[in-house]
Every structure is written in structure tokens, then in C-alpha cells.
Protein chains: 2
Amino acid sequence: MAPATLPEDAITIGLLGAGNVGAQVARTLVEERELISARVGTPVRLTGVAVRDPEAPRDWKIPGELITTDAEALVDEVDLVVELIGGMEPAGELIERALRRGAAVVTGNKALLASRGAELNAIAAETGAALRFEASVGGAIPILRPVEESLSGDRITKVMGIVNGTTNYILDQMDTTGAAFDDALAEAQKLGYAEADPTADVEGHDAAAKAAILGTLAFHAPFSFDEVYCEGISAVTQDDIEAAAASGYVIKLLAIAEKQADGAVLRVHPTLLPRTHPLASVRGAFNAVFVVAENAGELMFYGQGAGGLPTSSAIMGDVVSVARRLRTPVAESPGVSDAVNLAPLPIERATTQYYIDMDVADKEGVIAEIAQVLAAHRVSIESMRQPGSVTVEGEVEDSDNGAKVQIVTHLASEKDLHETVQELRDLDVVKTVNSVLRVEVEK
Amino acid sequence: MAPATLPEDAITIGLLGAGNVGAQVARTLVEERELISARVGTPVRLTGVAVRDPEAPRDWKIPGELITTDAEALVDEVDLVVELIGGMEPAGELIERALRRGAAVVTGNKALLASRGAELNAIAAETGAALRFEASVGGAIPILRPVEESLSGDRITKVMGIVNGTTNYILDQMDTTGAAFDDALAEAQKLGYAEADPTADVEGHDAAAKAAILGTLAFHAPFSFDEVYCEGISAVTQDDIEAAAASGYVIKLLAIAEKQADGAVLRVHPTLLPRTHPLASVRGAFNAVFVVAENAGELMFYGQGAGGLPTSSAIMGDVVSVARRLRTPVAESPGVSDAVNLAPLPIERATTQYYIDMDVADKEGVIAEIAQVLAAHRVSIESMRQPGSVTVEGEVEDSDNGAKVQIVTHLASEKDLHETVQELRDLDVVKTVNSVLRVEVEK
């Protein structure tokens, strides 16, 4: 496949690194090029992917003509560089090289940002280049942009984040299954949540880098990794977890940035949180960031904190945002892309599960009659309750009083459901249909 | 107070309406002018506030020389118009007037956006004017910008929001206190959560307007209020709530926008949600929006959905974002404002609550000795547990075995705490200090 001739104003993108996240970004830029171009408002083209080993197996097979081992040459020829190599070097020198020539940079490199963020931002400001790094904190969760833009007219006083999925999974396992730290860690490693050498996660270094980035954006002042107090979870015992639970607390590893009159304390450590706190129910490998601002009050942002696909969403959001402003005059109004033609559909096209509450005659055969009506309209039953009746399944017992039937259906269309309910109302054995409510179970 | 001479490049702002939210926006623009100007990077100045009644009482007293009753003249002379009148007219014609002359507009007017959003966006695109409306959905919660920018490289498939605090409060009261609908509504009215005429909230119209705005941004296609299926909560009975609870569900009024291959269904109705769903635990007058995207997976945004102060935070975020791009060339890198000088403080400056777990000698007077050490370092005790001991308060009982003491302190500084723990370790009656963990209770 030879690359088609580029439109003259096309925005060229070079990708550095094609690991877990990089392969997904390459896939999106190639397979979804039309969608991404429509969202940007200008044609967008991935022109090269710099890798160390062209033959390495990857999650998505990158077209051969895009692969290069000359990262510097790629950086020198594109409008926008996506850096997904990670670590300090050569990522740092490549980003600096791009910014110095005015190319936009999107990266998810938390280690680099947490130690050289102020310096790189200064270079970007000098050359007018864009530098974005939403993916560096909280994976897929939009947190840096809300903090930096949406809360730019407010004063943030405190940020508390569960920003490391590995440690959250381990603490969660210890809390819910009673596992010891070592066993929970081994389990996390088996599931791929923890690395063979888990030090960076378990000792809080990963969270500390994110605390520095969050603190910098929240307080509009530069903070670096070595200014974050850092304590990991390896000393947390099952006794601690149990004692905390007995008093209504759960133990989480939090990255905290807190403002005081003359400065800010940034810290990472195991923390007891009341079980009623919004962060307390963030389970497993999920991330969440809790923000307190003077006017906005309490906010929380929640989502998947890691993984190739979720993290690629954050990278692509930065790519589109930055690319929008590379060519076009700033259109600061939300775009309704002409490329998309999505019709409003009538409610009959909705499919959800349904809850139906009926008063029925208290005699044999009622359930069978009702089930028949549902089946005739392709509506299947997930669960059925008969409150106050002795037999939960099968027929209602004979008695003088009427009986109640409550049904939750599987997914059905509004149309089928309406026809079903209409027919149920007409049944002799159904006295009244009291309630029909929709149920959202699927995410 | 005569207004100082404006710097030549200052950005002028005109405010339309000075109600609940408007008064807070005026206060921020006047009292925090230096902060806001630093965040924008250019001097910013509120030059007028258009109101119907100059003498009306307001939450913040607006300086007399800013007040005007001539909204049109104000719109014609400023760079940025903040519209907080609400409703269709005259808000609509004033926004149109501003956009046609290329002035930026920030508004929280959900009714207007949900019915004339596409038209107003088209005018903005034509003249290159900015039009932002973060405050129109979810109050203080940054939701529109994340959806529009952070997720711009992903495909959103479903949005489900608790976007009306009044109905959420009513349903929450019915669920937790067993109140009937009418009583819960009366309580909401008494607390100021519901209007004297609660129709717009209770019948779902307010949520439907927000569904149209969310659907438009999520799916990059225009949807209007009258394309949203709408069912309110006035028919929800205590029986429904109880039956739902018995099956592990909670009933919420959700605004749902769901994509299908050829279109999207937008709907507002009472919905059964499993109690384990992240939206299920959103209580009282809080709002939350749950977003599902192909790559990002599940995300949730949570915060205060109404109120003058929280909503003013969203308005000011839009004002700063828009103003940043009015004068300066687009600096797409997160700003670290030079005006702010916030030092990183050492961990000793942190204040939190602490949990201390100790093995102590099992004899009289132990607690007194420990309490004395804490008091000497200004560390006061919130709660104390002696697991396995018969007397929970006072002295430990005599026995052959050692005893355990677990203390949660009130707020204390790291410095005081460290000194306390050091001294506790030196006490004869303290065998070992097993754990010292921090507790975050305060938000």
C-alpha cells in the first residue's frame, strides 16, 4: 500500500514507540483516519512510526512503509509528534528536539513530565509549540484538561487521587478477600496488573510522578517528582486492613496535593479513608481523582487508569485537540461535524430491560399465561418475584387475596414491550399493571 | 470607586443578569481580577452588568457604576458576553447579537442551547466567535469540555447522567427514609432544592434539555429538546422503590443518550439501576454523568449540579478558557503562571489525622501514660479501641497477655506526630508501635 498523495494542508503525525499504547494509537490513526480528520477539521496523516526493532510482535500490525528506526529524522519532518517510548532518554531529547522546531508534542510520559516538565513547558512557550500529556495521569480519565481549563476560574485547594491501579488492586484484594500483601501482589502479577519488578508501583514512585503533575496543574506552580513525599504500601499488613475495616475505614494509596497559604504539600502514602468517601468505592484496577475547589466544591473523575486501549483514547484526545488548532483559526465553539449524519431515533428504537409490576388473580395458570404473552413478543424473563406468595417459582398459591407479580425482563425494544404490556392489560388474570419501569444494567 | 483606565489590550467582559449565579460571577470578576487576569495572560475587566431592576437585592453587592439596564448597548461594546438571564428571550436575541458582531459568549442557558443550539453554533462558526456553555449541564462538573476535547479521538457510545438534583434528592429521600413522593417533594421545596412550581424538574424537562446538549456533543450531531423522549418521576410510588430495593436496584431519573448504527435515542425516564452501578451511589442534590466510549471504556464525572457558587466555577472556567484565546496566540501548553509563587513544602508541614496501632503492657495506667504523651505534643484523640479487651474506655484489664491499643487522632501536623510516636516508642508500657497510618476524613 503506497501512501496516497497528501493534501497540501494535511497535518502530518510521527509516532515514537509502538508498544502497548503506541500500537493502538497507530491503529486508530490508520483505520479511523477519516473520523479523526473530520473531528480535526483538516486531513490528518500518520507518516511514520519510529521503533527500535521493526520485527518485534505488536498488538496491531503496523504497515511496513510506516516503520522507521530513525526517530530523529521523523521528528524533524512532522507537524505533530506523539511520544510513547516512555522513560527519560531518548524520549526527553526527542521531545525537546520537536518543541525547539515548533512541532506539537503529545506524550503520556509521566516520569519525564514529573522531572523535566517545567523545562519542557518553557521551551514550548518559547517556540509557541503545543505540549499535551493527558495520558500521563489517570489513563483514559480526562483529568488534566478539566483541572487546567474547566477549573481555570476557580481556586483548587486539594487533589486526592487513586492513580495507580496496581496498588489499588492489591489493597482491594487484601480488603475483600483477606489476602496477605505478598499473595495479593503475586495475584496482581499473574493477572498482568503488576510488573515482574513491582517496585515503581508498590513503593509509590509511579503515584508520586503523577502527584507532581497534578499539583503543578492544580496550583499553577511547578512541582517536580523529588518534591513529593513518598511512602509505598509494602508495609501495610492484613492487621492494618482489618483494624481499619472495624472502624469503618478502607486503606488506599493516595496521591495528595494540598495547598497551604505559603506553599503546597505533595505526598503519596497509604491512607485510611471513611468507607463513605467517594474514593473509597473505587475498586480493583480503576483510578479516580477527587478535586476540591473553593467555588466548585467537591468533584470526582473516575475511569480506567491503564491499558493500551483506554490510554490510547487520552492520547488521541490530545492529538485531535492540538491538531484542531494547528491549521484552523481557533474555533472555540463545540464542533458539530458535518461529516456525521446521525438521526434522532424515536423512543420505540430504544432497547433496555424492563421492570413490570402487576396485580394478578390468585389462581393456577396465571404465570403461564403471562409468560406466554411475553414470549409471543420476543420478551424474555430475567427474573420474577411474587412478594407475599410462598412459592417463588411456578404457580401462585390459591388464596382469597389477589397476588402480585414483579418481572424483570432481558433486553427488549420499547416497541415489543409496549405491545406486551398492552396485551397483559387485556388478560383476564391481570387485574392491573401498576408500574412499567426501565432497567439499565449494561454499561 | 471610578474604574481605572483600561490597558489597551484588556479584555472587556459584559455580564447579563445578576441572579444567584450572576452575582457570584460578578464578585469573582471584581474581587479576583488579578488572579483571573494572570490565568488568562491578559488583563481582564468587567465593564458592565445588565439587570432589569438595579435596586433588587443580590447575593453580592455590585458596584453601582457597573450596573446598567441597557443590555444591548453592553453587548455591543465588550469582547466577551456572559449571559446568565436564562430562558428563551431576551437571552436568545442578545446572544445572537453578540455572536454576529464576533464577540465571545459564555452562557449556562440549557433551555436556549437545547432548542437553538445548532443555530447559535452556526452563527458562531460564521463569525469566528466563541460560544461556550459548560455550566448548562452538571453545574460545577466539567463534563462538556471532557466530552468534546478529551474524548475527541474516541467514539462515545452511551451517556447516562443524573443531571437534575431536585429529582435525585426526592428519589433519594423516598429510598432512604421511606417518604412518599409528595412528602419528599415538599421537603425538597422547604430546603430550596425544588421550585414552588416543580414541573420542569419533576416532569424531566430540565433533564431533557441537558440530554439534548450531551447527545449533541457526544455524538457530534445536532439534537434538540423536542427529540428527547421525556418521562418524569411523579408516577414513581413508594411501592416501586421498595420493590426495586428488594431486588437490589435503586430508582434514578436518568438522561440517556445512546448511539445506534443509524442514529441515536435520547431519553429521560425513571430507571432501575443495580446498586453496584457507579451512578447508584450518587446521593441527594449531587449530579454525575457516566460515559461509555469504545476505547476509554467507562468514565464517570461527579460533583455539585447546582447552586450559585458551584455554577459560577463552570462559568468562570469558560470565561478564562475563551479569554486566553482572544488575544494571545494559542498557547496549547498548560500554563504555569509566573504570577504564582507557591513553594513545595516538606512533609512535616502536612496535617492529617493519624491511626496508631500499638502493643502495650497489660496493666493499669497505660492509657493515661499514652494520653499524656499525645497531649504534650498537642495531638488530641478522636477515638481509641482496645480490641480483645473488655473495657473499651478507661484502663486495660489485668491479664497475662499483652494488650493492643488503636488510636485515631484529630488533625495533627506530621512534625508533632513524629515526635509523639518517637516518645511513645520510648515508654516502658509500650512494647511496639506496629503501624502509623494517615487518615483523610476532611474533604
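This is a predicted model, so every value here is computed, not measured.

Undergrad: What am I meant to see in the overall build of chain A here?
TA: Secondary structure summary: chain A contains 14 helices and 18 strands in total. If you line up chain A on its principal axes, its C-alpha atoms span 85 × 60 × 50 Å. By residue count, 59% of the 443 residues in chain A fall in the buried class. Contacts in chain A between residues far apart in sequence, at least 24 positions, make up 71% of those at least 6 positions apart. For chain A, the centre of its 36 positive side-chain charges and the centre of its 67 negative side-chain charges are spaced 4 Å apart.

Undergrad: Would you take a moment to explain the relation of the copies chain B and chain A for this structure?
TA: Between the two copies of the chain lies a relationship made up of a rotation around an axis and a movement along it. Rotating chain B by 180 degrees and translating it 0.0 Å along the rotation axis places it on chain A, where the RMSD comes to 0.1 Å. Between the two chains, the operation in question is that of a two-fold axis. It is B:F301 whose C-alpha, among those of chain B, lies nearest the rotation axis, at 2.4 Å.

Undergrad: Could you clarify how one ought to interpret the environment of B:A118 in this entry?
TA: All names here are of chain B. Relative to the helices and strands, A118 resides in helix 5 (residues 110–127). On the basis of relative accessible area, A118 is assigned to the exposed category, the value being 52%. Distance in space between the C-alpha atoms of A118 and P222 is 6.1 Å, their sequence separation being 104 residues.

Undergrad: Which parts of the structure should I look at to understand the interface of chain B and chain A?
TA: Put simply, an interface is often sized by how much accessible area is lost when its parts join up. Each partner contributes to the interface: chain B provides 116 residues, whereas chain A provides 116 residues. Between chain B and chain A, a total of about 10500 Å² is buried, with carbon and sulfur atoms accounting for 54% of that surface. The tally of links between chain B and chain A comes to 15 salt bridges. Between A:K158 and B:E440 there is a salt bridge; the shortest N-O distance is 2.5 Å. Seen at the junction of chain B and chain A, the total is 40 residue pairs in polar contact (both at pLDDT 80 or more). Across the side of chain B that touches chain A, the residue classes tally to 59 nonpolar, 28 polar and 29 charged. Relative to strand 13 (residues 343–344) of chain B, strand 10 (residues 263–274) of chain A runs parallel, the two being bridged by 2 bridges. Note that in strand 13 of chain B the partner of A:A264 across the bridge is B:P344.

Undergrad: I keep staring at the pairing of strand 9 (residues 249–260) of chain B and nothing clicks. Help me out?
TA: Two faces make up the sheet, and in a regular strand the side chains alternate between them. Residue and element names in this part refer to chain B. With respect to burial, strand 9 is a largely interior element, 10 of its 12 residues being buried. The pairing of strand 7 (residues 156–162) with strand 9 spans 4 bridges and is antiparallel. Considered in strand 9, the bridge of K158 is made with E258. The pairing of strand 9 with strand 10 (residues 263–274) spans 12 bridges and is classified as antiparallel. Of the residues in strand 10, the one forming a bridge with A255 is V268. Counting the residues between successive antiparallel strands, the hairpin from strand 9 to strand 10 contains 2 residues.

Undergrad: Got a minute to help me understand the domain arrangement of chain A in this structure?
TA: If you check the domain split of chain A, you get domain 1 (11–137 + 310–327), domain 2 (144–306) and domain 3 (347–439). Placing the centre of domain 1 of chain A and that of domain 3 of chain A at their C-alpha centroids yields a distance of 55 Å.

Undergrad: Looking at this model, I keep getting lost on the UniProt feature "binding site: NADP(+)" (unreviewed entry) in chain A. Mind explaining?
TA: All names here are of chain A. Here, the residues flagged by UniProt with the feature "binding site: NADP(+)" (unreviewed entry) are L16, G17, A18, G19, N20, V21, G22 and A23. The topology assignment puts L16 in strand 1 (residues 11–16). Accessibility expressed as a relative area gives 1% for L16, which makes it buried. Contacts of L16, omitting those with residues within four sequence positions, involve A50, A71, L74, V75, V81, V82, E83, L84, I85 and L94. Here N20 is to be found in helix 1 (residues 20–31). Accessibility expressed as a relative area gives 47% for N20, which makes it partly exposed. Those residues in contact with N20, other than ones at most four positions away along the chain, are D59 and G308.

Undergrad: I'm lost on the pairing of strand 12 (residues 297–304) of chain B in this one. Help?
TA: In terms of residue burial, strand 12 of chain B counts as a mostly covered element, since 7 of its 8 residues are buried. Here strand 12 (residues 297–304) of chain A pairs with strand 12 of chain B via 5 bridges, running antiparallel. Across the sheet, residue A:F301 finds its bridge partner in strand 12 of chain B, namely B:F301. Alignment of strand 11 (residues 286–293) of chain B against strand 12 of chain B, held across 8 bridges, turns out to be antiparallel.

Undergrad: Explain the pattern of salt bridges to me, please; I cannot follow it from the model alone.
TA: Any two side chains of opposite charge can pair, given that their charged atoms come close. Residue and element names in this part refer to chain B. Under the definition given, this model contains 57 salt bridges over all chains. A salt bridge links E96 to R100, with the shortest nitrogen-to-oxygen separation between them at 3.1 Å. Of this pair, E96 and R100 both sit in helix 4 (residues 91–100), 4 residues apart, which is roughly one turn of the helix. Take R100: its relative accessible area is 48%, and that puts it in the partly exposed class.

Undergrad: Hey, could you run me through the side chain of A:R39 in this one?
TA: With respect to the helices, strands and loops of the structure, A:R39 is situated in helix 2 (residues 33–40). Here A:R39 sits buried without a salt bridge, and the closest side chain of opposite charge, B:D154, lies 7.1 Å off (N-O distance). A polar side-chain atom of A:R39 sits 2.9 Å from the main-chain carbonyl oxygen of B:S152. In this structure the side chain of A:R39 is engaged in a polar contact, spanning 2.8 Å, whose partner is the backbone oxygen of B:D154. Dropping the residues within four chain positions of it, A:R39 is found in contact with A:V320, A:R324, B:L151, B:S152, B:G153, B:D154 and B:H220.

Conventions adopted
- Residues numbered from 1 in each chain as written.
- Chains lettered and ligands numbered in written order.
- Predicted model: local features only at pLDDT ≥ 70, side-chain atom pairs only at ≥ 80, totals over all residues.
- Heavy atoms only, no water.
- Helix = DSSP H or I, 4+ residues; strand = E, 2+ residues; numbered from the N terminus.
- Buried < 20%, exposed > 50% of the residue type's maximum accessible area, 1.4 Å probe, protein only.
- Contact = heavy atoms within 4.5 Å.
- Lys, Arg positive; Asp, Glu negative; His and termini not counted.
- Charge placed at Lys NZ, Arg CZ, Asp CG, Glu CD.
- Least-squares fit on C-alpha atoms with pLDDT ≥ 70 in both.
- Buried area = accessible area lost by both parts, 1.4 Å probe.
- Salt bridge = Lys/Arg side-chain N within 4 Å of Asp/Glu carboxyl O.
- Polar contact = N/O pair within 3.5 Å; in protein donor to acceptor, adjacent residues only side chain to side chain.
- Nonpolar A, V, L, I, M, F, W, Y, C, P; charged D, E, K, R; others polar.
- Pairing = 2+ DSSP bridges.
- Domains from an automatic or database assignment.
- UniProt positions renumbered as here; feature names shortened; annotations may be inferred.

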